[in-house]
Amino acid sequence: MRPFALLVLLLPALSLAQDGSVSGATSSAAAAGYSCDPTVCKLPACNCASTSPPGGLSPVIIIFPLRRPNSLLFPCSEVPMFIVYTADDAVQSYTLDSVNQFLAHRKNPNGCQPKMSYYVSLNYTNYTLVTDWYVAGNEIADHTMTHVGLPPNNEIDGNLIALNALAGIPLSAISGFRAPYLNFSNETLTHLAAAGFTYDTSATASIPVTANYTDAFWPYTLDYGLANNCLTNIGVCHGQPKLPGFWEVPMYALFDSRGQSGIHLMDPWLDSANGGTTVDDNATLAYMQSTFMAHYNGNRQPFGLYTHPIHTATTYPGVQVPLSTINMINAFLDWAQVQAGVWIVSTEQLLSWVQNPVPLSQLNSFEPLKCSTPQVNASICDGIPANEHGLLDLCAFSDFPFFTCYGCPVTEPTPDNPNPVQVTSNGQQPRERLPANCSTPWWDPIAGKCLCTGSSCQFQDNSRPIGPNGANLTGGGFGGNVSSPSASATFVPFNGNAAPIFPIGTWPAIMLGVFGVVCGLYTVQV
Ligand SMILES: [Zn+2]
């Protein structure tokens, strides 16, 4: 099969993925019926739903520069302004290229490239690209196997099992979930906690941060139930569901000039703004900026860019490239990064900070935000594209073919059978799946050995209660011994090492990051 034909097969399903729209407030104080005592519920294990930053940090501090106290007055915060960047649905080379055109050329104030969260559904996903994206430092999270709202448990658990078996993602690394169409219930959240997830991010913060009774809470644990989506979802709020230590990371809506009635959430660039009838990128940019500033000048609740990358793809055959929208999104990020204290992060990085909220002045040395690309030079099949040439297998299933380093299964993974036995026809040795004691970049699934055994790369994966009837499962093993499909095609990598296209804003962001640290060191509160 030619790669072009392979790509064209994928368009119909991906185009269906325009989930995540909202039409109004999804909660209210009365509907929430929420009560939590912050003197009892304390970090890092517990955090009340609150509009205030975690750890008692003050979002805005007025400082005077020490040498000339009356010459200049400006605000300086000890709370970082996080932009959470997420993508949903299938992973393909053109979806990763789409994300990269917004992030690959950027740096956070510590000099590291920003990371993001990919909520992966498996139909039409190219597994080896998931491996590559994970080893590059991004978060891989669960969006069900076949993209269903109110998902049955096996849609959630099967996603973990298949990503572990065929993409080599450690079970312990998949800590987050987003429901397709943001359609979840009490039972969804209860199952996520039981299956060992750390957080869900399907709920909506649907009231502007500047309004009374806003539901734009910082991420919080469900020790006292959910406080978002109380008007729209089943069996939540008024203390339900009680899931101690399990986190909700709200998705923060954007608002155009109409305020509450001009609400936008995912892919806001697909919406018309201000009651208009056509999409206007300038109008979108204006309300993205005004919403960002409302957060930035207030309690600094995170700002989210929740994307379906297919809509801004430039490398998908036959699809018109939305250059104006792409330039607008980059212009927004250029503008945002010039503000002091702005960091682009994945959801798990945000949550790491909320659990351990160090002041902005210490963020450059905060471990979860550090650069993380491993240095591996061996020619092995391990998620580092330069190492993998000629080692990938094509699993040529007729409806969604994919590549993997971990050996093709005899049938496509399904919720009922997420880890089918492995193909070993054509004289191929079975490949060993990621074991519990080796991390992905060091594992050679062909030789079945871990290249790094020193203390610097010690790793221990966890079992998860995701087997039939909740049995614990661990990574590793081979799969089966049955004959298989075979075919040839050219693997299309993502364009991860492309030269920067939009370098504007990078250096100002670094300089302001440095300034932010100085600001923190010499703060005088008044
Ligand atoms: Zn989706």
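1. A short note on the overall build of the protein
Then, number 1: When helices and strands are tallied, the protein shows eleven helices and 19 strands.
Then, number 2: Within the protein, residue pairs in contact and separated by at least 24 positions form 71% of the contacts whose partners lie at least 6 positions apart.

2. Structural notes on the pairing of strand β3 (residues 81–89)
Then, number 1: Across the nine residues that make up β3, a large majority, nine, are buried.
Then, number 2: Pairing analysis gives four bridges linking β3 to strand β15 (residues 342–345), with the strands arranged parallel. Directly across from I83, in β15, lies its bridge partner I344.
Then, number 3: Of the strand pairs in this sheet, β3 and strand β14 (residues 303–307) are connected by five bridges, and their pairing is parallel. If you follow Y85 over to β14, its bridge partner there is L305.
Then, number 4: By the bridge criterion, four bridges tie β3 to strand β4 (residues 117–120) in an arrangement that is parallel. Directly across from D89, in β4, lies its bridge partner V120.
Then, number 5: Handedness of the β-α-β unit built from β3, helix α4 (residues 93–103) and β4 comes out right-handed.

3. Re the packing of helix α8 (residues 281–296) against helix α9 (residues 323–338)
Then, number 1: Two elements in contact, α8 and α9, have axes separated by 10 Å at closest approach and are oriented at 25°. When the interaxial angle is binned, α8 and α9 end up roughly parallel. Every pair of crossing elements has a handedness; the one defined by α8 and α9 is right-handed. In contact with D281, T284, L285, M288, Q289 and F292 of α8, α9 contributes S324, T325, M328, A331, F332, W335 and A336.
Then, number 2: Its residues assigned to classes, the contact of α8 with α9 comprises eight nonpolar, four polar and one charged.

4. Points about the nonpolar core
Then, number 1: Counting residues in hydrophobic clusters, the biggest one holds 118 residues, and the most contacted among them are I83, Y118, V120, V130, W133, I140 and L163.
Then, number 2: Tallying contributions element by element places helix α6 (residues 153–167) first for this core, with eight residues.
Then, number 3: Once residues lying within four places of it in the same chain are set aside, the contact partners of Y118 are A87, V91, W133, N138, E139, I140 and A141.

5. A few points about the pairing of strand β10 (residues 243–248)
Along any regular strand, the residues point their side chains to alternate faces of the sheet.
Then, number 1: Both strand β7 (residues 199–200) and β10 contribute to a ladder of two bridges, which runs parallel. Each residue of the ladder has a partner; that of D200, found in β10, is E248.
Then, number 2: Pairing of strand β9 (residues 220–222) with β10 involves three bridges; the strand directions are antiparallel. Each residue of the ladder has a partner; that of Y220, found in β10, is E248.

6. Observations concerning α8
Then, number 1: In this model, α8 (16 residues) spans 22 Å end to end at C-alpha, consistent with the 22 Å of a helix rising 1.5 Å per residue.
Then, number 2: Along α8, the positions that sit buried rather than exposed are T284, L285, Y287, M288, T291, H295 and Y296.

7. What about helix α7 (residues 186–194)?
Then, number 1: Taken together, the buried positions of α7 are T188, L189, H191 and L192. Projected down its long axis, α7 carries its buried residues within an arc of 165°, all on one side.
Then, number 2: Once α7 finishes, G196 follows within two positions and takes phi at roughly 85°, a positive value.

8. What to know about the environment of Q458
Then, number 1: Among the structural elements, Q458 can be located in the loop between β19 (449–450) and α11 (506–521).
Then, number 2: Here Q458 falls in the exposed class, since 11 other C-beta atoms lie within 10 Å of it.
Then, number 3: The spacing of Q458 and N437 is 21 residues in sequence and 7.6 Å in space, taken between C-alpha atoms.

9. Section: the environment of N330
Then, number 1: Of note, N330 is situated in helix α9.
Then, number 2: Judged by the 19 C-beta atoms lying within 10 Å of it, N330 falls in the partly exposed class.
Then, number 3: Residues N330 and L103 lie 227 residues apart in sequence; the distance between their C-alpha atoms is 8.9 Å.

10. Points about the confidence of the model for the protein
Then, number 1: For the protein, the average pLDDT comes to 87, and 85% of its residues sit at 70 or higher.
Then, number 2: This stretch, residues 480–487, has a pLDDT under 50; its non-local contacts, to residues over four places away or in other chains, come to 20 contacts.
Then, number 3: Below pLDDT 50 for its whole length, residues 497–526 participates in 52 contacts with residues either more than four positions away or in separate chains.

11. Section: unusual backbone geometry
Then, number 1: Across the junction of L43 and P44, the peptide omega takes the value 5°, indicating a cis bond.
Then, number 2: For P44, the position within the fold is in the loop between α3 (29–32) and β1 (61–63).
Then, number 3: With an omega of -15°, the peptide bond between Q240 and P241 qualifies as cis.
Then, number 4: Its place among the elements puts P241 in the loop between β9 and β10.

About the cut-offs
Residues numbered from 1 in each chain as written. Predicted model: local features only at pLDDT ≥ 70, side-chain atom pairs only at ≥ 80, totals over all residues. Helix = DSSP H or I, 4+ residues; strand = E, 2+ residues; numbered from the N terminus. Contact = placed C-beta atoms within 7 Å. Buried ≥ 20, exposed ≤ 12 C-beta atoms within 10 Å, placed from the backbone. Pairing = 2+ DSSP bridges. Right-handed = clockwise from strand over helix to strand, strands pointing away. Axes fitted to C-alpha atoms, helices over the stretch in contact; angles between N-to-C directions. Parallel < 35°, antiparallel > 145°, perpendicular 65-115°, else oblique. Left-handed = near helix turned anticlockwise from the far one by under 90°. Nonpolar A, V, L, I, M, F, W, Y, C, P; charged D, E, K, R; others polar. Core = buried A, V, L, I, M, F, W, Y, C linked by C-beta atoms within 7 Å. Expected span 1.5 Å × (residues − 1). Arc of directions from axis to C-beta. pLDDT = per-residue confidence, 0-100.

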